[in-house]
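Each chain is listed here by its residues.
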Amino acid sequence: MKASIAARLSQLADRLEEVTHLLASETATQDMEAFRKLTREHAELTPVVETFAAYRQCEADIAAAEEMLADPEMKEFAQAEIAEGRDKLEQLDLALQKLLLPKDPNDEKNIFLEIRAGTGGDEAALFAGDLLRMYTRYAERNRWQVEIVSASESDLGGYKEVIVRLVGFGAYSRLKFESGGHRVQRVPATETQGRIHTSACTVAVMAEADEIAEVVLNPADLRIDTFRASGAGGQHINKTDSAVRITHLPTGIVAECQDGRSQHANKASAMQVLAARIYDIQLREKNQKEAAERKSLIGSGDRSERIRTYNYPQGRITDHRINLTLYKLDQMMDGDIAELTDALVAEQQAELLAALGD
């Protein structure tokens, strides 16, 4: 282990001891915001310090085994202990490197997931509906809450555009690499001659912004329009101008919502989406700059990039960024995409570890 890394780990061990004392003090809960920060810091430091303690114990065990080499009766046992200890030390070293990787401050956040039908007309809209179901089922597997914020349905089913809010710890960390172009190859239900068509959708994953801390929205920069929500009619048809469209004049970014029961609720939802879109642009600019330096796009969130192909005749999904092909399309479209998301997270960790080594 590098001396600089060992010194950093020793500092973190001292800090954990300090935080533990602060949390145990009688005045710890007088400032609840400070208490929450300390609790979060304690939770983040504990696994690092515990792994470092295991690393140092492993080093001590190897040193003790090396002393036994001088005893002929213990030599074989000592050699086995040393070999096993060095393997364990290597694993602990890698675990510590991963724990020391810079944390994405958005990883724990809720997200807005936006799916838009692209090339392919009605078939693209149907595919957008399939993608929504895939992500919704994945959210259910993780026991996240799913809220539809805005939806524009197509004539044959599916969606021209749909925005959902996924509420759950770590939602952004698991789905942040889904932003980009998703392509589907299959025979549409409307195709009479059995020809395979190619259609596309774009997906945007946006971390829910803390409006106060991360995005400052000046009321003078906003144009708020109200209009009557569109719908299929019937007893619930909207007879008032409850739908809301908010335009951020400096950037031209627009967010609208008409699914809520009141104008107030729709305005609040539209403001959340607007803040998330502005925050997402800031993040993508930052990520693209970093990705250019690393010569990789895995974490850039570039929506113009084709990231994945769903081939129905062959039953396969291919993620083009990491050259991963899985022949389990049915399971994945039913929300079982953990193998895919895990592979993308692992690839990013490998990139960060390589940068750490440099």
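The structure this text deals with has already been given above.
Residues numbered from 1 in each chain as written. Predicted model: local features only at pLDDT ≥ 70, side-chain atom pairs only at ≥ 80, totals over all residues. Heavy atoms only, no water.

If you tally the helices and strands in the protein, you get eight helices and 11 strands. For the protein, the proportion of contacts with a sequence separation of at least 24, taken over those separated by at least 6, is 61%. Carbon and sulfur atoms make up 49% of the accessible area of the protein, which totals about 19900 Å². (Helix = DSSP H or I, 4+ residues; strand = E, 2+ residues; numbered from the N terminus. Contact = heavy atoms within 4.5 Å. Areas by Shrake-Rupley, 256 points an atom, 1.4 Å probe, with all protein chains shown as cover.)

So, on to the packing of aromatic side chains. On inspection of all chains with the given rule, the structure shows two aromatic pairs. Ring centres of Y138 and W144 lie 5.7 Å apart, and the angle between their planes is 90°; on these two criteria the pair is classed as edge-to-face. Of the residues examined, W144 reaches a relative accessible area of 9% and is grouped as buried. Looking at R186, its charged tip hangs above the ring of Y312, at a distance of 4.8 Å from the centre. Seen from the ring of F227, R245 lies directly overhead, with NZ or CZ sitting 4.4 Å from the centre. (Phe/Tyr/Trp six-rings, centres within 6.5 Å; stacked < 30°, edge-to-face > 60°. Buried < 20%, exposed > 50% of the residue type's maximum accessible area, 1.4 Å probe, protein only. Lys NZ or Arg CZ within 6 Å of the ring centre and 35° of its normal.)

As a further point, take the packing of helix α1 (residues 3-24) against helix α2 (residues 32-67). The interhelical angle for the contact between α1 and α2, taken along N-to-C directions, is 135°, at an axis separation of 8 Å. One element, α1, and the other, α2, form an angle in the oblique class. As for the relative orientation of α1 and α2, their crossing is left-handed in sense. Residues A6, L9, S10, L12, A13, R15, L16, V19, T20, L22 and L23 of α1 form the contact with α2, whose participating residues are F35, L38, T39, E41, H42, L45, T46, V48, V49, F52 and R56. Residue composition of the contact of α1 with α2, by class: 14 nonpolar, five polar and three charged. (Axes fitted to C-alpha atoms, helices over the stretch in contact; angles between N-to-C directions. Parallel < 35°, antiparallel > 145°, perpendicular 65-115°, else oblique. Left-handed = near helix turned anticlockwise from the far one by under 90°. Nonpolar A, V, L, I, M, F, W, Y, C, P; charged D, E, K, R; others polar.)

Turning to the environment of I5, a few remarks are in order. By the element assignment, I5 lies in helix α1. I5 gets classed as partly exposed once you look at its relative accessible area, which sits at 22%. Remark: the alpha-carbon pair of I5 and Q97, spanning 92 residues in sequence, is separated by 8.7 Å.

Once that is clear, we can look at the side chain of E114. Within the secondary structure, E114 is located in strand β1 (residues 111-117). Within the local environment of E114, its side chain forms a polar contact with the side chain of R116, the two groups lying 3.5 Å apart. (Polar contact = N/O pair within 3.5 Å; in protein donor to acceptor, adjacent residues only side chain to side chain.)

Let us look at the pairing of strand β5 (residues 197-207). In this structure, β1 lies alongside β5, joined through seven bridges in antiparallel fashion. Bridging across to β5, R116 finds its partner in T202. Sheet topology places strand β4 (residues 180-186) next to β5; seven bridges connect them, and they run antiparallel. What sits directly across from R186, in β5, is H197. (Pairing = 2+ DSSP bridges.)

A few words on the sheet that holds strand β10 (residues 316-319). Taken in spatial order, the eight strands of this open sheet run β2-β3-β1-β5-β4-β9-β10-β11, and their pairing is mixed. Bordering the open sheet on either side are β2 (145-153) and β11 (324-326), each of which pairs with just one other strand. Put simply, the sheet's adjacent strands are angled 15° from each other on average, direction ignored. Taken strand by strand, helix α4 (residues 121-141) contacts β1, β2, β3 (159-167), β4, β5 and β9 (306-311), and its axis lies near 110° from that of β4.

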